[in-house]
Amino acid sequence: MQLIPLSSATPALATSADGRAVDAMAGLIACIGGHGFANDALAQLNRWLPVSWLSVFRLSDHAPPRMPASGSYRAPDGTAESWAVYRSSLYRQDQTFLAAREQIGQARCTLVHWHAKEIPAAHRERIYTRHGLRERLSVVCKDQDDGLLAINLYRHESLPLFTDEEIEWVGMGAPILTSCVQRHLDLAGAREQSFDARLSGLTRREREVCERLLKGWTYEGIASDLGISAGTVKTFRDRAFDRLGIHHRNELFALVLVNTP
């Protein structure tokens, strides 16, 4: 495991010899607020740095973790399935962010780099080995209520290991990356408040399905997260849409976006 504090004196990203980094960050900014943020942001990052999965964790000492965004690029998307496994039990034993928490008081952001072989066996086998992931590079910073925000970049075994130069690049881009993710989460929070007001007539399961549809999840991912079949997900979707008087997912987006701050 590598723990790499990031100083506020980190050189600007524009000093990178490769202009693709600047283009990728510009594209990332354009993704803020979009319903497919994680997948779109990951596609932009891949213009500069090959990454297979992206997940955003909100970690707290006082509540279970949350994953408000995740996506994949040119690799099978197992982020929802992995999250369901992690949230059900593994997070209670996970100490891979412990060193970052101890370091955060001294730096705005910290990079944490783990090879799959360094991850404890149960965690490694159920997530990394199962999905062919070889390593994780996380940008970790302070979040609300003394929690941590972790932006996790995973490489599939089809890609080479992160090089020292690539890790340095991520360190240079970390302030922009975290600012974009935090701004997106702020906008998503406002959207969820609008969602609560507009969809209050739905049942709990119907709301849970619609919430995940709005985040761009697939039916298979929703099924894995909720512990039900994909067919049952579609049944709850149809019931919710019937109550709302709509027929398609884009109408759900439009319904929630009207008058959203």
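Residues numbered from 1 in each chain as written. Predicted model: local features only at pLDDT ≥ 70, side-chain atom pairs only at ≥ 80, totals over all residues. Heavy atoms only, no water.

Let's talk about the overall build of the chain
Along the chain, the regular secondary structure elements total ten helices and six strands. In the chain, which comprises 261 residues, the proportion classed as buried is 51%. Within the chain, counting contacts between residues at least 6 apart in sequence, those at least 24 apart form 64% of the total. Taken as a whole, the chain presents about 12500 Å² of accessible surface, with 49% of it coming from carbon and sulfur. (Helix = DSSP H or I, 4+ residues; strand = E, 2+ residues; numbered from the N terminus. Buried < 20%, exposed > 50% of the residue type's maximum accessible area, 1.4 Å probe, protein only. Contact = heavy atoms within 4.5 Å. Areas by Shrake-Rupley, 256 points an atom, 1.4 Å probe, with all protein chains shown as cover.)

Notes on the sheet that holds strand β1 (residues 2-6)
Overall, antiparallel pairing links the six strands, which are arranged β1-β4-β5-β6-β2-β3 in an open sheet. Both edges of this open sheet fall to β1 and β3 (66-72), since each of them pairs with a single strand only. Averaged over all adjacent pairs, the angle separating strand axes in this sheet is 15°, with direction ignored. As defined by bridge partners, β1 adjoins strand β4 (residues 109-115) across five bridges and the pair is classed as antiparallel. Across the sheet, Leu 6 pairs through a bridge with Cys 109, a residue of β4. This element, helix α3 (residues 79-88), spans β2 (53-59) and β3 of the sheet and lies at about 30° to β2. Lying over the sheet, helix α5 (residues 121-131) contacts β2, β5 (133-142) and β6 (148-156), oriented at roughly 120° with respect to β5. (Pairing = 2+ DSSP bridges. Axes fitted to C-alpha atoms, helices over the stretch in contact; angles between N-to-C directions.)

Some details on the pairing of β2
Within β2, seven of the seven residues are buried, which leaves it mostly tucked inside the rest of the structure. Judged by which residues are buried, β2 turns out to be covered on both faces: Trp 53, Ser 55, Phe 57 and Leu 59 on one side and Leu 54, Val 56 and Arg 58 on the other are all buried. Of the strand pairs in this sheet, β2 and β3 are connected by five bridges, and their pairing is antiparallel. Note that in β3 the partner of Arg 58 across the bridge is Arg 66. Between the antiparallel neighbours β2 and β3 lie six residues.

Let's talk about the nonpolar core
With 42 residues, the main nonpolar core has Phe 57, Tyr 86, Val 140 and Leu 252 as its most contacted residues. In this view, Phe 57 contacts Arg 66, Met 67, Trp 83, Tyr 86, Phe 97, Leu 148, Leu 149, Ala 150, Asn 152 and Tyr 154; residues no more than four positions away in its chain are not counted. Of all hydrophobic cores here, the second largest spans 35 residues; its members include Leu 45, Ala 69, Val 170 and Cys 180. (Core = buried A, V, L, I, M, F, W, Y, C linked by side-chain atoms within 4.5 Å.)

Regarding the environment of Trp 83
Its location among the elements puts Trp 83 in helix α3. Under the relative-accessibility criterion, Trp 83 is labelled buried at 3%. The spatial distance from the C-alpha of Trp 83 to the C-alpha of Ser 224 is 9.1 Å, given a sequence separation of 141 residues. Sequence-distant contacts of Trp 83, that is, excluding residues within four places in its chain, are made with Phe 57, Pro 65, Arg 66, Met 67 and Asp 225.

A closer look at the environment of Gly 227
Mapped onto the elements of the fold, Gly 227 is located in the loop between α8 (219-226) and α9 (230-244). The exposed category is assigned to Gly 227, whose relative accessible area is 64%. Each C-alpha atom of the pair Gly 227 and Glu 81 lies 9.7 Å from the other, and the pair is 146 residues apart in sequence.

What to know about helix α2 (residues 37-45)
Regarding α2, the residues found buried are Phe 37, Ala 38, Ala 41, Leu 42, Gln 44 and Leu 45. The buried residues of α2 occupy an angular sector of 160° when projected down its axis, which confines them to one face. (Arc of directions from axis to C-beta.)

Concerning the pattern of salt bridges
Across all of its chains, the model carries eleven salt bridges by this definition. Residue Glu 166 pairs with Arg 155 through a salt bridge whose shortest N-O separation is 3.0 Å. One end of the pair, Glu 166, is in helix α6 (residues 164-198); the other, Arg 155, is in strand β6, and eleven residues separate them in sequence. Pair check on accessibility: Glu 166 and Arg 155 agree, each one buried. A salt bridge links Glu 211 to Arg 212; the shortest N-O distance between them is 3.7 Å. Salt bridges here are not isolated pairs; linked through shared partners, they connect Arg 87, Glu 211, Arg 212 and Asp 225. (Salt bridge = Lys/Arg side-chain N within 4 Å of Asp/Glu carboxyl O.)

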